[in-house]
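Architecture and fold: a report
Now for the letters of each chain:
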Protein chains: 2
Amino acid sequence: MRAKPVIAVDAMGGDDAPGHPVEGAVMAVRAGCEVRLVGHEDQLREELHRHRLAGDDAQRVVVVHAEEAVAMDDPPITPIRKKRKSSIRIAAQLVRDGEADALVSAGNTGAAMIAAKMVMGTVEGVDRPALAAALPNPKGHTVLLDVGANIDSKPEHLLQFAVMGSLFAQEVVKTSSPRVGLLSIGEEDSKGTELTREVFQALETSGLNFVGNVEGSDVFKGTADVIVCDGFVGNVVLKSAESLADMVMTLLKEELGRGFRARIGGLLARPAFVDFRRRTAYDEYGGAPLLGVKGGCFIAHGRATPKAMMSAILRATEYSEANVSSKISERLAERQSQEAALG
Amino acid sequence: MRAKPVIAVDAMGGDDAPGHPVEGAVMAVRAGCEVRLVGHEDQLREELHRHRLAGDDAQRVVVVHAEEAVAMDDPPITPIRKKRKSSIRIAAQLVRDGEADALVSAGNTGAAMIAAKMVMGTVEGVDRPALAAALPNPKGHTVLLDVGANIDSKPEHLLQFAVMGSLFAQEVVKTSSPRVGLLSIGEEDSKGTELTREVFQALETSGLNFVGNVEGSDVFKGTADVIVCDGFVGNVVLKSAESLADMVMTLLKEELGRGFRARIGGLLARPAFVDFRRRTAYDEYGGAPLLGVKGGCFIAHGRATPKAMMSAILRATEYSEANVSSKISERLAERQSQEAALG
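Summary of the structure given here. Please read these numbers as outputs of a predicted model, since none were measured by experiment.

1. Looking at the overall build of chain A
Along chain A, the regular secondary structure elements total 13 helices and 11 strands. Since a compact globule built from 343 residues should have a radius of gyration of about 20 Å, the 21 Å found for chain A is in line with a globular shape. Taking the principal axes of its C-alpha atoms as reference, chain A extends roughly 60 × 60 × 35 Å. Within the span of chain A, comprising 343 residues, buried residues form 59% of the whole. Residue pairs at least 24 apart in sequence account for 73% of intrachain contacts in chain A once pairs closer than 6 positions are excluded. Distance between charge centres in chain A, computed from 40 positive and 46 negative side chains, equals 4 Å.

Spelled out as structure tokens, the structure:
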């Protein structure tokens, strides 16, 4: 293993590519990360030039050329079928070939997931990789998964999500002995759907720190460190929360723009708003990890700021340093051998 | 039909009962509503006394005694099996017996739903009543249903939810030709679960103003007036949104309490915050209607303020005046006869 993990950054993915991905990569490199910037070479060199990296920093970023780019509205299968020279596919190939340890993209989420799953492959023991989001709560972060990689999940899948989410919380979010909750609509074990009732039983004997059913109201409360659900539910929760946060900010700005007094108040209180944003922003966790693929894959929001891109690269570096993917495989193998022994 | 609908208010339900329900009822009465306050007679008279209703107003509120009250943590079946003299059950009986037109409760949601369904009964043509929430968006309100009355719904149920939600949006939220969206995880009709794909087909030929699949990000955007989903998903979305809103307010208060400048800013901006809360608060729609029961039933939040209780009573009055329950029955009968004609 090399001294420092290498992160392959899809520099052509996202609404503000290649500007934001390159700027984020530059920030990460200045913080000590090792990066492969994948995309159109001329464009990337031009962007890089503006940031004037020098000395050791300049050594830690290498441009890898990719002729094509997957657009935000291309079908997810594009990097496999049509754009075989796209930046996301080439970034995934770098991980597959051992030239990079993990992949970061702010591009088309579906395409990034497919490229990671099909090019890099799935960790042994994992049936379905899951997308996880680290959501802010008043005391830290709660890892919610799956937020959209899978629908119509079976009990065994949710159990694997719990194992993967728990390892991610422990190794990257740095939560010791993460409390795992099962998303349902009532706290008693008898509540919920057929799926959640089955998963409840399985989680009780899983050896995880299972705290039982949790409700939607627990997602932003910090009552669990990891919350497990099917990807349909998780995706809807994540996206509705984002749109609520957007609405709150829009309406507050409107109200604070109305009348002299409110405007002065708003100006004086601005640093408080900035701190508030810092505490709640997705920036700190920048990307959602696709847990269960070989190497690692972090998918950032299409509107990711340079800072969010930097955070995603930092998290991908930590993820690789902690060998989360291998630990997932080990943990699932242990589970299977225990089950085989039991019966 | 009487001149003014009569609303039966469960005065013993909710975290601040009977104080808040009685105060809300008094406000509604002053706004012209006709109320039956159901609960412990002595307590209710004492609460009422403090508000000094006089003249016509005093005529429009009648106390109906109930010996028992369902607690927030009692099992939902309590008003049917154990507390047969509970305020929620007696309020439902008033509706069943024609002495009231609709029911409002801030008590145990499960118990209120069971009492309404079992005592008042289900409207003809409705398989499963659905709980609807009117959520704020920058331009008005979006009706989300089901938010927790049903899980593991079948396509036919979601179709009925769409019909009921559409009528509620039209008659009570006052949205003409409401746009109906189906909650899914992608906009194309091919996306989503087996359930949503089937419902998509059915909604296209339903005669409703169906705008296709919508995503979680549409819930607070105003891109649809009615959003239909299974009760498991809707409940999780509603409760996670509430907890996010709570977190935002808590963190903002913390930040605005830090340091002199932020504090002054916060004070000057306070009216803006008040306006903001007014625009986003659940207060305006106070209660979630349980659509599809005979008469009407509005369930307010356990923490409902007096104003939220008043709003719920006003909405229940409008609901009864507009005969929403009969219209639901008519509309579903039309659908069935069309389907029968088609073969």
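2. Side note on the sheet that holds strand E1 (residues 6-10) of chain A
All names here are of chain A. Across the sheet, which stays open at both edges, the 11 strands sit in the order E3-E2-E1-E4-E11-E10-E5-E6-E9-E7-E8 with mixed pairing between neighbours. This sheet does not close on itself; its edge strands, each paired only once, are strand E3 (61-65) and strand E8 (209-214). Mean inter-strand twist for the sheet, computed between neighbouring axes without regard to direction, equals 25°. Bridge count for strand E10 (residues 287-291) against strand E11 (residues 297-300) is three bridges, and the pairing is antiparallel. From the neighbouring strand, Pro 289 faces E11, where its bridge partner is Phe 298. Running over the sheet, helix H6 (residues 109-120) touches strand E4 (102-105), strand E5 (130-137), E10 and E11 and is turned about 175° from E11.

3. Quick notes on the packing of aromatic side chains
We describe a pair of aromatic rings using the distance from one ring centre to the other and the angle between the two ring planes. Residues and elements named next belong to chain B. Summed over all chains, the structure comprises eight aromatic pairs over all chains. Ring geometry for Phe 200 against Phe 210: centres 5.2 Å apart, planes inclined by 75°, an arrangement best described as edge-to-face. With a gap of 10 residues between them, Phe 200 in helix H8 (residues 194-204) and Phe 210 in strand E8 (residues 209-214) connect regions that are remote in the sequence. Neither Phe 200 nor Phe 210 differs from the other in exposure class; each is buried.

4. Structural notes on unusual backbone geometry
Each neighbour pair has its own omega, and for Ala 17 of chain A with Pro 18 of chain A the value is 0°, a cis peptide bond. In this model, Leu 145 of chain B is joined to Asp 146 of chain B through a cis peptide bond whose omega is 5°. Within the secondary structure, Asp 146 of chain B is located in the loop between strand E6 (140-145) and helix H7 (155-171). If you check the backbone angles, Asp 152 of chain A has positive phi at about 50° while not being a glycine. Within the fold, Asp 152 of chain A resides in the loop between strand E6 (140-145) and helix H7 (155-171). One non-glycine residue with positive phi stands out, namely Ser 177 of chain B, at about 45°. With respect to the helices and strands, Ser 177 of chain B occurs in the loop between H7 and strand E7 (179-183).

5. Some thoughts on the side chain of Arg 89 of chain A
Residue and element names in this part refer to chain A. By the element assignment, Arg 89 lies in helix H5 (residues 87-96). For Arg 89, which is buried and forms no salt bridge, the nearest opposite charge comes from Glu 68, at a distance of 8.6 Å. Excluding its chain neighbours within four sequence positions, the residues that come into contact with Arg 89 are Pro 79, Ile 80, Lys 83, Arg 84 and Val 119.

6. As for the pairing of E5 of chain A
Residues and elements named next belong to chain A. Most of E5 sits out of view: eight of its eight residues are buried. Every second residue of E5 is oriented toward a common face, with Ala 130, Ala 132, Ala 134 and Pro 136 on one face and Leu 131, Ala 133, Leu 135 and Asn 137 on the other, all of them buried. Direction of pairing for E5 relative to E10: antiparallel, over a ladder of two bridges. Bridge pairing in E10 links Ala 130 to Leu 291. Bridge analysis of E5 against E6 gives six bridges, and the strand direction is antiparallel. From the neighbouring strand, Pro 136 faces E6, where its bridge partner is His 141.

Parameters at a glance
Residues numbered from 1 in each chain as written. Chains lettered and ligands numbered in written order. Predicted model: local features only at pLDDT ≥ 70, side-chain atom pairs only at ≥ 80, totals over all residues. Heavy atoms only, no water. Helix = DSSP H or I, 4+ residues; strand = E, 2+ residues; numbered from the N terminus. Rg over C-alpha atoms; globule rule 2.2 N^0.38 Å. Buried < 20%, exposed > 50% of the residue type's maximum accessible area, 1.4 Å probe, protein only. Contact = heavy atoms within 4.5 Å. Lys, Arg positive; Asp, Glu negative; His and termini not counted. Charge placed at Lys NZ, Arg CZ, Asp CG, Glu CD. Pairing = 2+ DSSP bridges. Axes fitted to C-alpha atoms, helices over the stretch in contact; angles between N-to-C directions. Phe/Tyr/Trp six-rings, centres within 6.5 Å; stacked < 30°, edge-to-face > 60°. Salt bridge = Lys/Arg side-chain N within 4 Å of Asp/Glu carboxyl O.

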